[in-house]
Amino acid sequence: MSDRHRIYGERVNIKTENTRSFYNERAKAIASMANPYVSVLLGDQNPSHAEEWNRFEKTFILPELQIGQTNRVLDIGCGIGRWAESIIPLSGYYCGTDFSQEMVEAARNRNRFEGKNYDFYNLSFQETVQQSAEFYKGRFDRLIVGGVCMYINDEELPACYEGLLSLLDECCVIYFTETVAVERRLTLDECPSEALKANYDVIYRTPEEYIQHYKVFTEAGFTVREQKYLPHLNNEKQFYETDRWYTLLER
């Protein structure tokens with residue numbers, strides 16, 4: 001049953017400025033967290049989940065991206081630079097964007113590589129795709145979008161996906177991952193969270209909804225290489241309605 005804070009099945013908007021403020025505050029609190037990955041991967045009730053999630057992605061997903069010195073990587077929702085710390089040494093160019101100014105500052109402070117080519121920009125997903133390829137000094141052949149779309153309202157999301165196409169090379173690998181609703185769409189609207197010690201705004205779409213959105217890529221020549229759930233790390237009762245799901249696309 002839906003209530004004022006937990007809305008099932010319906011398409012309702014969240015207040016994205018609340019989300020920006022939420023992540024700005026988390027970036028400021030990194031020093032007090034059990035590990036820095038908790039700031040972006042959440043799981044405050046069990047910080048080891050963030051480390052396990054990060055370890056899984058770096059061990060199993062990163063090799064699938066096949067990043068080398070000739071590759072240009074765009075990381076939307078870069079947060080504190082969790083992917084950047086592994087990708088900058090491997091790639092020819094890395095660009096991380098995030099709508100939280102405090103997260104971007106944390107990413108810059110945590111990632112300092114001499115002689116490497118990389119940038120961090122304080123841009124939302126919407127703002128990232130509004131820039132031209134010339135702004136980024138070229139197109140990208142690797143793309144990561146992780147845990148971003150669940151904070152974007154329905155009327156804005158299609159333009160985000162469509163806008164990516166003008167930034168991507170003809171040959172490209174994409175990694176999408178979001179926390180999704182296992183059975184039915186769930187929106188949290190300023191929902192009080194004891195674990196996060198804050199109100200939380202998010203849209204948990206179903207995998208089927210994202211599959212429909214990804215048609216813009218398959219229609220542009222991408223094929224689905226892999227699509228499934230990440231290992232389930234949150235076994236607490238309050239998290240049974242959601243899980244982490246990912247898609248690898250290639251053209």
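The structure we're discussing is the one just above.
Residues numbered from 1 in each chain as written. Predicted model: local features only at pLDDT ≥ 70, side-chain atom pairs only at ≥ 80, totals over all residues. Heavy atoms only, no water.

Caption draft 1: Region of interest: the sheet that holds strand β6 (residues 168–181). Read across the sheet, seven strands follow the order β4-β3-β2-β5-β6-β10-β9 without closing on themselves; strand pairing throughout is mixed. Each of the sheet's edge strands pairs with one partner strand only, and the pair in question is β4 (118–121) and β9 (223–229). When the angles between neighbouring strand axes are averaged without regard to direction, this sheet yields 10 degrees. Sheet strands in contact with helix α3 (residues 48–65) are β5 (140–146), β6, β9 and β10 (242–250), and its direction is about 155 degrees off that of β6. (Pairing = 2+ DSSP bridges. Helix = DSSP H or I, 4+ residues; strand = E, 2+ residues; numbered from the N terminus. Axes fitted to C-alpha atoms, helices over the stretch in contact; angles between N-to-C directions. Contact = heavy atoms within 4.5 Å.)

Caption draft 2: Up close: the pairing of strand β2 (residues 72–76). Judged by how many residues are buried, β2 sits mostly within the fold: five of five residues are covered. Of the two faces of β2, the one lined by Arg72, Leu74 and Ile76 and the one lined by Val73 and Asp75 are each fully buried. Pairing analysis gives five bridges linking β2 to strand β3 (residues 93–97), with the strands arranged parallel. Directly across from Leu74, in β3, lies its bridge partner Cys95. (Buried < 20%, exposed > 50% of the residue type's maximum accessible area, 1.4 Å probe, protein only.)

Caption draft 3: Layout of the side chain of Asp75. Mapped onto the fold, Asp75 is located in strand β2. One buried charged side chain, Asp75, makes no salt bridge at all; its nearest oppositely charged neighbour is Arg82, positioned 7.6 Å away. Asp75 has contacts with Trp83, Ala84, Tyr94, Cys95, Gly96, Thr97 and Ile144, leaving out every residue within four places of it along the chain. (Lys, Arg positive; Asp, Glu negative; His and termini not counted. Salt bridge = Lys/Arg side-chain N within 4 Å of Asp/Glu carboxyl O.)

Caption draft 4: Molecular detail of the nonpolar core. Counting 52 residues, the largest nonpolar core has Phe125, Tyr161, Leu164, Phe176 and Phe217 as its most contacted members. When sequence neighbours within four positions are dropped, the list of residues in contact with Phe176 reads Leu143, Val145, Tyr161, Leu164, Tyr214, Phe217, Trp245, Tyr246, Thr247 and Leu249. Residues Phe56, Ile61, Ile67 and Ile87 belong to the second largest nonpolar core, which totals 22 residues. (Core = buried A, V, L, I, M, F, W, Y, C linked by side-chain atoms within 4.5 Å.)

Caption draft 5: Representation of the packing of helix α1 (residues 16–28) against helix α5 (residues 101–110). Where α1 contacts α5, the two axes come as close as 7 Å, and the packing angle between them is 35 degrees. Residue-level inspection shows Tyr23, Asn24, Arg26, Ala27 and Lys28 of α1 in contact with α5, the latter providing Gln101, Glu102 and Met103. Partitioned by chemical class, the residues of the contact of α1 with α5 number three nonpolar, two polar and three charged. (Nonpolar A, V, L, I, M, F, W, Y, C, P; charged D, E, K, R; others polar.)

Caption draft 6: Representation of the packing of aromatic side chains in the model. With the rule as written, the count across this model stands at 25 aromatic pairs. Ring centres of Tyr23 and Tyr151 lie 5.6 Å apart, and the angle between their planes is 75 degrees; this geometry places the pair in the edge-to-face category. Placement of the pair is Tyr23 in helix α1 and Tyr151 in the loop between β5 and α7 (157–164), with a sequence separation of 128 residues. Neither residue differs from the other here; Tyr23 and Tyr151 are each classed as buried. Geometry around Phe140 places Arg72 over its ring, the cationic atom sitting 5.0 Å from the centre. Across from the ring centre of Tyr8, 4.1 Å away, lies the NZ or CZ of Arg184, which sits over that ring. (Phe/Tyr/Trp six-rings, centres within 6.5 Å; stacked < 30°, edge-to-face > 60°. Lys NZ or Arg CZ within 6 Å of the ring centre and 35° of its normal.)

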